[in-house]
Amino acid sequence: MSQITEQQAAAVRDATLESLLNSTGIWNVAHVKEVVLAAARERGEISANDVRGLLEERYHWLIAPAFNSLTHQRNGARLVNTGDRVASTSPGTKGHGVSVYRWYEPLAEADEAAA
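Among all positions of helix H4 (residues 63-71), only Ile63, Ala66, Phe67, Leu70 and Thr71 are buried. Down the axis of H4, the buried set is contained in an arc of 130°. They therefore lie on one face.

Written out as structure tokens, the structure is:
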């Protein structure tokens, strides 16, 4: 694939994602992030496979952006990529790997150190 074609494909991808995000209410994004955090808090380690069954199908496309956002938060509870991957259970991915994330809460870590 030529560099121009790759750039054109990236531009289309970015425009499509921007359009989808602009048409999605902020509540929907926040809702998916809350579901991801709740599942991570309960299970310790999770992947998109663990979250998919907790959300309506129309929100599934927001799972990856939610994970990405939650790994970049600097304050409070967040996710940390463990470096592990598991096969996706989503039919559209044909079993490609998805990342595994670990729940991280700085306050809990400080409480454990003080005990």
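Secondary-structure assignment places Ser47 in the loop between strand S1 (45-46) and helix H3 (48-52). Take Ser47: its relative accessible area is 3%, and that puts it in the buried class. With near-sequence residues (within four places) excluded, Ser47 lies in contact with Phe67, Val86, Val98, Ser99 and Val100.

Counted under the stated rule, the structure contains two salt bridges. In this structure, Asp50 engages Arg43 in a salt bridge whose closest nitrogen and oxygen atoms are separated by 3.5 Å. On the basis of relative accessible area, Asp50 is assigned to the partly exposed category, the value being 29%. In this structure, Glu56 and Arg58 form a salt bridge, with 2.8 Å as the shortest nitrogen-oxygen distance. Using a relative accessible area of 45% as the deciding quantity, one classes Glu56 as partly exposed. Classification of Arg58 as exposed rests on a relative accessible area of 54%.

This part is about the layout of surface pockets. Of the pockets and cavities examined, the largest pocket occupies roughly 300 Å³. Ala48, Arg52, Ile63, Ala64 and Val98 are the residues nearest the centre of the largest pocket, which is lined by 15 residues in total. Looking at the lining of the largest pocket, the elements that each hand over two or more residues are H3, H4 and strand S3 (97-104). In the lining of the largest pocket, the residues fall into seven nonpolar, seven polar and one charged.

Strand order in the open sheet made by the three strands is S1-S3-S2, with antiparallel pairing throughout. The outermost strands of the open sheet, each flanked by one partner alone, are S1 and strand S2 (78-87). Relative to S3, S1 runs antiparallel, the two being bridged by two bridges. Within S3, the position partnered with Glu45 by the bridge is Arg102. Contacts between H4 and the sheet are confined to S1, S2 and S3, with S2 contributing the most and set at about 135° to the helix.

Conventions used here
- Residues numbered from 1 in each chain as written.
- Predicted model: local features only at pLDDT ≥ 70, side-chain atom pairs only at ≥ 80, totals over all residues.
- Heavy atoms only, no water.
- Buried < 20%, exposed > 50% of the residue type's maximum accessible area, 1.4 Å probe, protein only.
- Helix = DSSP H or I, 4+ residues; strand = E, 2+ residues; numbered from the N terminus.
- Arc of directions from axis to C-beta.
- Contact = heavy atoms within 4.5 Å.
- Salt bridge = Lys/Arg side-chain N within 4 Å of Asp/Glu carboxyl O.
- 1 Å grid on protein atoms, 1.4 Å probe; cavity = no way out; pocket = protein on both sides within 12 Å on 5 of 7 lines; lining within 4 Å.
- Points joined across faces, edges and corners; volume = space filled by probe spheres on them.
- Nonpolar A, V, L, I, M, F, W, Y, C, P; charged D, E, K, R; others polar.
- Pairing = 2+ DSSP bridges.
- Axes fitted to C-alpha atoms, helices over the stretch in contact; angles between N-to-C directions.

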